[in-house]
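Results of the structural survey
Each chain, written out:
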Amino acid sequence: MQIERRYSIAGRDPLAGLSMRQVTLSDGRCSDVPGDWPNRAAHGLAAQVSDAAVDLRQVADRLVLRLRMRAEAQGRIDDPADATAWADEMRHMIARRIAVAAPWMLSAQAPRTPSPAPSLPLAIDMGAALPQHAMRLVQAACDGAPLELRFGKATVAPRVVLDLGRFVIDGAVDVDALVGAVRVWTLALAVDAGQGDLGLAGLGGALMRLGLGPATHEGRAMGAAMAALAEAARLRAAADLGLGFDASAGARGLARLQDMAASVAAAKPVLSRTIALREGLVKSPDAPRAPRLVVAPLGDAAAILGSGPDPLAPARALTVETETPGGGHRRATAPELAAGLAAQGHGPDRLAALLRHVAGHGSLAAAPGIDHANLRACGLDAAQIARIEAALSEARDLRAVITPWRLGRAFCTDRFGLAPEDVAGHGMELLERLGFAPERIDAANRHVFGHGTLKGAAGIDATQVEAFEAGPDLRAALAMAGAVSMVLEGPVTALLPLRRDAPARSVALMMRAARRAGLAALVIAPEAGDGPPRAARLREILAMLPPGIRPGTAPAGALEILDAAARTRPEARRHARALRERLLADPLPATRSPRRSSDLPGSEDSRSITTRD
């Protein structure tokens, strides 16, 4: 199989000059040397690999060497130059976090022993769930129980995940780079024990870089076009490797996609290359199956990519925290925002103004409500103002910056007449004591720290703003997942963060829509920070069940667990013990015969899946 260079340069170390971070785990924390890799990503890698100390260069070298030896032994690559290019491309993508490999693929060790307790979300086979149970599941989801509703074969976590957002450069998809990356990792997965799937992530970020909203028709068409290109590259790589594949996979969806994307200029070169790659594909008879492309929750890969668990969601916020060489932090706009605004055609001056509206000016100079002149009028000297300015980069509110501890307790005692023992009690109220009204403080806060959104910014219309609004839109999220699913052979799982006040009817409609869209599963979980105590009770009950048994695959067992979670803790424990005894007495569920049923009461007939009860 021939591998072309896309990132690295022949004869040059692809990691030369790249600042690498040494990660050492100690008491659950990670210490490091300064670098350009976010701390959360370094900690995510360290949590995956079992070594006491991890250097990214060593991890990449170890994986690449093992895969190259296997490829040569299997005769997958004949030309040494192709083998060298392949190895360099893998090392580069791992180091730059364009690709994230699974823990056991990185460490060449067997996967870690799973936790003896089944994990959340609770898996429920909707093919076996009876119609009368559907509304009970809806209510459980609305109450905050994390559920994984399976409409087909369960999705397995991919061994490698590609960040599609990294393939959007200067407002366009780098078609050659994406095709090359899929070929590189299809070969790697075929060589590495011939199992495992290739996951797609960062689709929402890719659309933001293109200046397209994931909730729009154009955004869905573009997202599906990128997935279709990756699928075509996988099929072509499988044909070159002599692996088995379904040449018709996604063909019908591709025909629909061409109609959807007719008016999307950015999708035309992507679709043109997709069609060219799929022409003349010949399936090898009785050949091992090629790795699939899947969309599944990211798990540990999310920490390394610096994203949330949803591979299709846009950036969670328009501002991010970046590390400074001295170990501090500063607030900056998300890279997707600047790229997307430029793709929409905003000039340099307008772009800079929009970014300041989102992330703020970072200084009190010329701030409305509170500026340097106001502070000097209150008696602050240049040194005190300089200390305030230096602290702004790591703060979120002026009330946490202008405090007695930064201005000096002696100053506050002399200026305001506070007794030394009373200074601590007025720390966060000092601005008010300086005479600034809450409205002036809020105006200065927005000037310094930004609005966190493009809403209200001058020079940008509402349709352009929609491309960067990351709020949860359940209907748009399912529509995007369905558009991607129609062009992939592999399974697609959608994640829906549910608000506490979400109406049961909307959840029921989302369940029905997910089944009709052909998704493999739908994960419903409370939004971050909005989960009621039922999730904790579920985890407590699951911890008491036998190792390796997931009663969530049997609707009756899942409903019993949900009912137990709604009770008081002592009753829940008694119920868990009884359920444990029943499962131990009959550990192998019987096979249920196929049945035709609807996913919700009163809905139309839909597909039924033969499952184990």
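All values reported here derive from a predicted model rather than from experimental measurement. (Residues numbered from 1 in each chain as written. Predicted model: local features only at pLDDT ≥ 70, side-chain atom pairs only at ≥ 80, totals over all residues. Heavy atoms only, no water.)

So, on to the packing of helix α3 (residues 80-95) against helix α6 (residues 175-191). Close contact between α3 and α6 brings their axes to 10 Å; oriented N to C, the two are set at 105 degrees. Viewed along their axes, α3 and α6 adopt a mutual orientation that is roughly perpendicular. For the pair α3 and α6, the contacting residues are Trp86, Glu89, Met90, Met93 and Ile94 in the first and Ala181, Val184, Trp185, Leu187, Ala188 and Val191 in the second. Tallied by class, the residues present in the contact of α3 with α6 amount to ten nonpolar, no polar and one charged. (Axes fitted to C-alpha atoms, helices over the stretch in contact; angles between N-to-C directions. Helix = DSSP H or I, 4+ residues; strand = E, 2+ residues; numbered from the N terminus. Parallel < 35°, antiparallel > 145°, perpendicular 65-115°, else oblique. Contact = heavy atoms within 4.5 Å. Nonpolar A, V, L, I, M, F, W, Y, C, P; charged D, E, K, R; others polar.)

The subject of this paragraph is the sheet that holds strand β7 (residues 160-163). With mixed pairing, the four strands of this open sheet are ordered in space as β4-β7-β10-β11. At either end of the open sheet lies a strand with only one pairing partner, and these are β4 (99-101) and β11 (293-294). Taken together, the three bridges between β4 and β7 define a ladder with antiparallel strand orientation. Residue pairing across strands places Ala99 opposite Leu162, the latter belonging to β7. On top of the sheet, α6 reaches β4, β7 and β10 (198-201); it is set at about 175 degrees to β7, its chief contact. (Pairing = 2+ DSSP bridges.)

The next point concerns the sheet that holds strand β6 (residues 147-150). The four strands are arranged β5-β6-β15-β14 in an open sheet whose pairing can be described as mixed. Both outer strands of the open sheet, β5 (122-125) and β14 (493-498), are each paired with one neighbouring strand and no more. Strand after strand, the sheet turns through a mean of 20 degrees between neighbouring axes, direction not considered. As paired elements, β14 and strand β15 (residues 521-526) share six bridges and run parallel to each other. Paired with Thr493 across the strands is Ala521, a residue of β15. Most of the contacts of helix α25 (residues 555-565) go to β5, to which it runs at about 140 degrees, and overall it touches β5 and β6.

Counting 123 residues, the largest nonpolar core has Trp86, Trp185, Met222, Leu257 and Leu562 as the members making the most contacts within it. Looking at which element gives the most residues to this core, the answer is helix α8 (residues 217-241), with 15 residues. With near-sequence residues (within four places) excluded, Leu257 lies in contact with Ala221, Ala224, Ala225, Ala228, Leu271, Met486 and Val487. Membership of the second largest hydrophobic core comes to 26 residues, among which are Ile370, Cys378, Ile385 and Leu398. (Core = buried A, V, L, I, M, F, W, Y, C linked by side-chain atoms within 4.5 Å. Buried < 20%, exposed > 50% of the residue type's maximum accessible area, 1.4 Å probe, protein only.)

Shape is all these values report; function is a separate question.
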